[in-house]
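Chain and residue survey
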Amino acid sequence: MNCESTPQRPFNTVEAPCPECGAVNVVDISWSIDFFSGRPLDPYNGERLWYVDDVRGNEIWAYNTAHLTYLREYISSSLRERGDHAGKYSIITNLPAWMKSKKNRDDVIKTLDRLMKM
């Protein structure tokens, strides 16, 4: 994957060079479900995602309360500025369109509020 450009579609693999021999390996990146809890696992480190819910048939999740707060502040804002430091790989840039849509705003905020109370 070229880090200079945004992927045109979601990817399920990434090329990772071996630090010892330099050989490039293709590594699968995929969401997994924890066998015991039935909850999704983070694709990068395999940890359980505890803040998970459904909004109109779409899954919404967060790593922690700071992530929930960040999402809620952005979704509820009427003026959504990303700031100078936000690059093309920022959290906000990569939110799905359904989550940023005005028609889903109230449902997303209610769900985020419910997750914050967990």
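Whatever comes next refers back to the structure up there.
To keep things clear, this report deals only with the structure shown in the data block. Remember, it's a predicted structure, so these values are computed and weren't measured experimentally.

Considering the packing of aromatic side chains
For any pair of aromatic rings, the description consists of the separation of the ring centres together with the inter-plane angle of the planes. Scanning the model with the defined rule gives one aromatic pair in all. Residues tryptophan 61 and tyrosine 63 carry aromatic rings whose centres are separated by 5.0 Å and whose planes lie at 80° to one another, so their mutual orientation is edge-to-face.

Details of helix α1 (residues 65–76)
Here α1 is 12 residues long and its end C-alpha atoms lie 16 Å apart, about the 16 Å a rise of 1.5 Å per residue gives. Of all the residues in α1, the buried ones are His67, Leu68, Leu71, Tyr74 and Ile75. Relative to the axis of α1, the buried residues are bounded by an arc of 135° and lie together on one face. Residues of α1 that are exposed and point more than 90 degrees away from the buried face comprise Ala66 and Glu73.

Focus on the packing of α1 against helix α3 (residues 105–116)
At a minimum axis separation of 10 Å, α1 and α3 run at an interaxial angle of 160°. As summarised for this structure, α1 and α3 are arranged roughly antiparallel, according to the angle between their axes. Relative to α3, the crossing made by α1 is left-handed. Along the contact surface, α1 presents Leu68, Thr69, Leu71, Arg72, Ile75 and Ser76, while α3 presents Arg105, Val108, Ile109, Leu112, Asp113, Leu115 and Met116. When grouped by side-chain class, the residues that make up the contact of α1 with α3 number eight nonpolar, two polar and three charged.

Describing unusual backbone geometry
Not every positive phi belongs to a glycine, and arginine 56 is a case in point at roughly 50°. As for its position among the elements, arginine 56 is in the loop between β5 (51–55) and β6 (58–62). Taking the relative accessible area as the measure of exposure, arginine 56 reaches 53% and is therefore exposed.

Definitions and limits used
Residues numbered from 1 in each chain as written. Predicted model: local features only at pLDDT ≥ 70, side-chain atom pairs only at ≥ 80, totals over all residues. Heavy atoms only, no water. Phe/Tyr/Trp six-rings, centres within 6.5 Å; stacked < 30°, edge-to-face > 60°. Helix = DSSP H or I, 4+ residues; strand = E, 2+ residues; numbered from the N terminus. Expected span 1.5 Å × (residues − 1). Buried < 20%, exposed > 50% of the residue type's maximum accessible area, 1.4 Å probe, protein only. Arc of directions from axis to C-beta. Axes fitted to C-alpha atoms, helices over the stretch in contact; angles between N-to-C directions. Parallel < 35°, antiparallel > 145°, perpendicular 65-115°, else oblique. Left-handed = near helix turned anticlockwise from the far one by under 90°. Contact = heavy atoms within 4.5 Å. Nonpolar A, V, L, I, M, F, W, Y, C, P; charged D, E, K, R; others polar.

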